[in-house]
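Overview (structure and organization)
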Amino acid sequence: MMMGWDAFKKSFDVWEDATAKYLESWLRSPLVLGPGGAMLTAAMRTKSAVDGAVDTWWSTVGLPTRRDQERSLHALNQLQSRLMDLEETLADLRAQLPPQA
Amino acid sequence: MSADADKERRRWRNLLGMPARPRPVVGATPADVVHRENKWSLLRYRARPEGLAHATPVLLVPSLINRHYVLDLQPGKSIAEVLVARGHDVFIIDWGTPGPEDRFVDFDTVADRSIGRALRVAAQHSRRGKVHLLGYCLGGTLTVVHAAVRPERVASLTTLAAPVAFTDDGLLATWTRLPQFDVGALVDALGNVPWQIMQSAFQMLRPTLPLSKAAHVIDRAWDDEFLDGFFALETWGNDNVSFPGEAYRQYIEGLYRADGLVRETFALSGHPVRMGNIACPLLAVTFAHDTIVPEASAAPLLERVSSVDKERLHLPGGHVGAVVSRKALATLWPKISAWWAARDAD
């Protein structure tokens, strides 16, 4: 049993190494990479166009789009960070003040 | 029972019991959250009972797209645990999980604001007002960018497999330089770049890896310690986070495509990023069998910095294994700890 597995593992390792090298050279080929990149880009542009159309419709009925909500949340996060910046500056300034009598 | 028969018995017991195997405990070293901002938080590991042995705290910056607990994998196999046991005051950034609104989070926010804040919080616990900064993988790139523009609180910089040059002929660099790949279209359509896309790109580096892993697990299934480590690492490897969209766009266009760090075209918060501005002690660790960050991508940092005190460790092993393995815990991390200890004062 053990010997059978060991023999299989050895041949598997040889096969795996050879296959990985072959697949790597294949994946690096411009014939694979080029169309792969083009398909991904086309799919993304289509998704953006569909999302844009949905957003336009949504805006026409006076409702905030998903992007509007994301922008608002991001602005809130930025505000939080800037408040923390101010708190840090205040703490630094306080530390520089002479101790009160 | 012979040793071989016992091994076989354990192998079958473990293979058949695999579905019921308890989930590995990860990230278990006791730590407190000392700062929280948007999705990221700063954790401080609790000091060993006998107290700290070093005056300068350490800030660990993991990759933006991986969970921080790769540096605190399992009790007995944890980098954080090793560093705490050696008397370091250890902080780590947990980047958290970006929400849809974080598509607008850019490189300035991450590499300047967040790392800057983490450094300032950690530096409050340092008599020198400085911190040893360590970045792993993309976290290393972030620390290089930060240290080049804001060196004030950086006592020393340690990079682990951190890419700074992007003209190598690795598959990832080749893919990102592809003219047909429009990174703007990807970010506009998806916002944050889903971790599934990132993971499939990494899987392209070795498409046979899942099969190879399965064979390796069957081969070593008799070894409980191996299985625990394997499943802990798999838990981490499959627990990825998406890349904030705007930061990804800048990463690909500004760093990968423009090779912005080497050509000095990249800017952080309006300041040009010049690796030559880094003058603090530098330790750069590269790995010989790293397919994710090839040596050619990580090593140029040493030639570019103006640090007088600089050192390179080039070790055998891959991107993750060489960092978290039992051997790394016994050799690499004590070396890094000793390097910090020797630079504990100005």
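Thresholds, definitions, all that
- Residues numbered from 1 in each chain as written.
- Chains lettered and ligands numbered in written order.
- Predicted model: local features only at pLDDT ≥ 70, side-chain atom pairs only at ≥ 80, totals over all residues.
- Heavy atoms only, no water.
- Contact = heavy atoms within 4.5 Å.
- Buried area = accessible area lost by both parts, 1.4 Å probe.
- Salt bridge = Lys/Arg side-chain N within 4 Å of Asp/Glu carboxyl O.
- Polar contact = N/O pair within 3.5 Å; in protein donor to acceptor, adjacent residues only side chain to side chain.
- Helix = DSSP H or I, 4+ residues; strand = E, 2+ residues; numbered from the N terminus.
- Nonpolar A, V, L, I, M, F, W, Y, C, P; charged D, E, K, R; others polar.
- Axes fitted to C-alpha atoms, helices over the stretch in contact; angles between N-to-C directions.
- Parallel < 35°, antiparallel > 145°, perpendicular 65-115°, else oblique.
- Buried < 20%, exposed > 50% of the residue type's maximum accessible area, 1.4 Å probe, protein only.
- pLDDT = per-residue confidence, 0-100.
- Phe/Tyr/Trp six-rings, centres within 6.5 Å; stacked < 30°, edge-to-face > 60°.
- Lys NZ or Arg CZ within 6 Å of the ring centre and 35° of its normal.
- Pairing = 2+ DSSP bridges.

1. Examining the interface of chain A and chain B
Listed by partner, the interface residues are 39 residues for chain A and 42 residues for chain B. Here chain A packs against chain B, burying approximately 3700 Å² in sum over the two surfaces, 62% of which is carbon and sulfur. Across the contact surface, chain A and chain B share eight salt bridges. Put simply, D182 of chain B and R45 of chain A hold a salt bridge, and the shortest N to O gap is 2.5 Å. For the pair chain A and chain B, the number of links is 18 residue pairs in polar contact (both at pLDDT 80 or more). Elements supplying a minimum of two residues to the side of chain A that touches chain B: α1 (2-28), α2 (30-60) and α3 (66-96) of chain A. Among the residues making up the side of chain A that touches chain B, the classes are represented as 14 nonpolar, ten polar and 15 charged.

2. Section: the environment of D51 of chain A
If you trace the backbone, D51 of chain A turns up in helix α2. Sequence separation between D51 of chain A and L27 of chain A is 24 residues; the distance between their C-alpha atoms is 31 Å.

3. With respect to the packing of helix α6 (residues 183-190) of chain B against helix α10 (residues 245-257) of chain B
All names here are of chain B. The geometry of α6 relative to α10 is characterised by a closest axis approach of 9 Å and an angle of 175 degrees between their N-to-C directions. Classed by the angle they form, the pair α6 and α10 counts as roughly antiparallel. Contacts between α6 and α10 involve V183, G184, L186, V187 and D188 from the first element and G245, E246, Y248, R249, I252, E253 and R257 from the second. Within the contact of α6 with α10, the residues separate by chemical class into five nonpolar, two polar and five charged.

4. Brief notes about unusual backbone geometry
Residue and element names in this part refer to chain B. Despite not being glycine, E264 has its phi angle at roughly 60 degrees, a positive value. Of the residues examined, E264 reaches a relative accessible area of 37% and is grouped as partly exposed. Non-glycine residue S269 carries a positive phi angle of around 50 degrees. Relative to the helices and strands, S269 is located in the loop between β7 (267-268) and β8 (271-272). By relative accessible area, which is 30% here, S269 ends up partly exposed.

5. Re the side chain of H35 of chain B
Of note, H35 of chain B is situated in strand β1 (residues 31-37). Within the structure, H35 of chain B has its side chain in polar contact with the side chain of E37 of chain B (distance 2.8 Å). Filtering out sequence-adjacent residues up to four positions away, H35 of chain B remains in contact with M84 of chain A together with W40, S41, L42, R117 and V121 of chain B.

6. A short note on the confidence of the model for chain A
When pLDDT is averaged along chain A, the result is 91, and 97% of the positions lie at 70 or above. Taken element by element, the predicted model of chain A shows its lowest mean pLDDT in α1 of chain A (87) and its highest in α3 of chain A (95).

7. What to know about the packing of aromatic side chains
Residues and elements named next belong to chain B. Applying the stated rule across the entire model yields 15 aromatic pairs over all chains. Taken together, a centroid distance of 4.6 Å and an interplanar angle of 55 degrees make the contact between F166 and Y256 tilted. Here F166, found in the loop between β6 (154-160) and α5 (171-176), pairs with Y256, found in helix α10; they are 90 residues apart in sequence, far enough to count as distant. The exposure class assigned to Y256 is buried, which follows from its relative accessible area of 10%. Cluster of aromatic residues (ring-pair linked, three or more members): F107, F166, F243, Y248, Y251, Y256 and F266. Between K7 and the ring centre of W222, over which it is positioned, the NZ or CZ distance is 4.6 Å. Sitting over the ring of F104, R103 keeps its end group 6.0 Å from the ring centre.

8. Looking at the pairing of strand β4 (residues 90-94) of chain B
Residue and element names in this part refer to chain B. In terms of residue burial, β4 counts as a mostly covered element, since five of its five residues are buried. Direction of pairing for strand β2 (residues 40-45) relative to β4: antiparallel, over a ladder of four bridges. If you follow S41 over to β4, its bridge partner there is D94. As defined by bridge partners, strand β3 (residues 58-61) adjoins β4 across three bridges and the pair is classed as parallel. Paired with L59 across the two strands is F91, which belongs to β4.

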